[in-house]
Amino acid sequence: QLQLVESVGGFVHAGGSLRLSCVASGRTFYSYNMAWFRQAAGKESEFVAAISWSRGTSYADSVNGRFTISRDNAQNTVYLQMSSMKPEDTDVYYCAADTRGRKEYNYWGQGTQVTVSS
């Protein structure tokens, strides 16, 4: 059973930066497609960014140019560097893994709160 553990989020002022990390258990992390999603209370989950096993990346329009997803396979870790943050980035952020190569994320972290003040 794969486990994903996200770093503690935090509180930042608008325009600030924050980096999230997510550590995965197991020995085949290098083969997983990884992604970050976010969800506000009472709303549907929103795709934020993804990185494939071959390091191809994709971003939601709302974060493109401000957020960067990366991975360190030696550390079984995926990162989300968030810059020029806005109050609307306030959400619970979730790390997700696609272990079957179907672009369907079948494992999820517990979520971490990120708050951006205006």
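Residues numbered from 1 in each chain as written. Predicted model: local features only at pLDDT ≥ 70, side-chain atom pairs only at ≥ 80, totals over all residues. Heavy atoms only, no water.

Draft legend 1. Here's a closer look at the state of the cysteines. Under the counting rule described, the total for this entry stands at 1 disulfide. Each sulfur in the disulfide pair Cys22 and Cys95 lies 2.1 Å from the other. Torsion about the S-S bond of the Cys22 and Cys95 cystine: about -75°, corresponding to left-handed handedness. A residue pair is termed long-range when its members are at least 10 positions apart, and Cys22 in strand 3 (residues 18-24) and Cys95 in strand 9 (residues 91-98) qualify at 73 residues. Here Cys22 falls in the buried class, since its relative accessible area comes to 0%. Judged by its relative accessible area of 0%, Cys95 falls in the buried class. (Disulfide = S-S within 2.5 Å. Helix = DSSP H or I, 4+ residues; strand = E, 2+ residues; numbered from the N terminus. Buried < 20%, exposed > 50% of the residue type's maximum accessible area, 1.4 Å probe, protein only.)

Draft legend 2. Geometry of the pattern of salt bridges. As enumerated under the stated definition, the model contains 5 salt bridges in all. In this structure, the salt-bridge partner of Asp89 is Arg66, at a minimum N-O distance of 2.8 Å. Linking Asp89 in the loop between strand 8 (77-82) and strand 9 with Arg66 in the loop between strand 6 (57-59) and strand 7 (67-72), this pair joins segments that are 23 residues apart in sequence. The exposure class assigned to Asp89 is buried, which follows from its relative accessible area of 0%. Residue classification places Arg66 among the buried positions, given a relative accessible area of 12%. A single network of salt bridges, built from pairs that share partners, joins Arg38, Glu46, Arg66, Asp89 and Asp91. (Salt bridge = Lys/Arg side-chain N within 4 Å of Asp/Glu carboxyl O.)

Draft legend 3. Structural context of unusual backbone geometry. Despite not being glycine, Asn76 has its phi angle at roughly 50°, a positive value. Summarising the element assignment, Asn76 is placed in the loop between strand 7 and strand 8. Of note in the backbone geometry, Lys103 takes a positive phi value of approximately 60° without being a glycine. Turning to its location among the elements, Lys103 is positioned in the loop between strand 9 and strand 10 (107-108). Residue classification places Lys103 among the exposed positions, given a relative accessible area of 56%.

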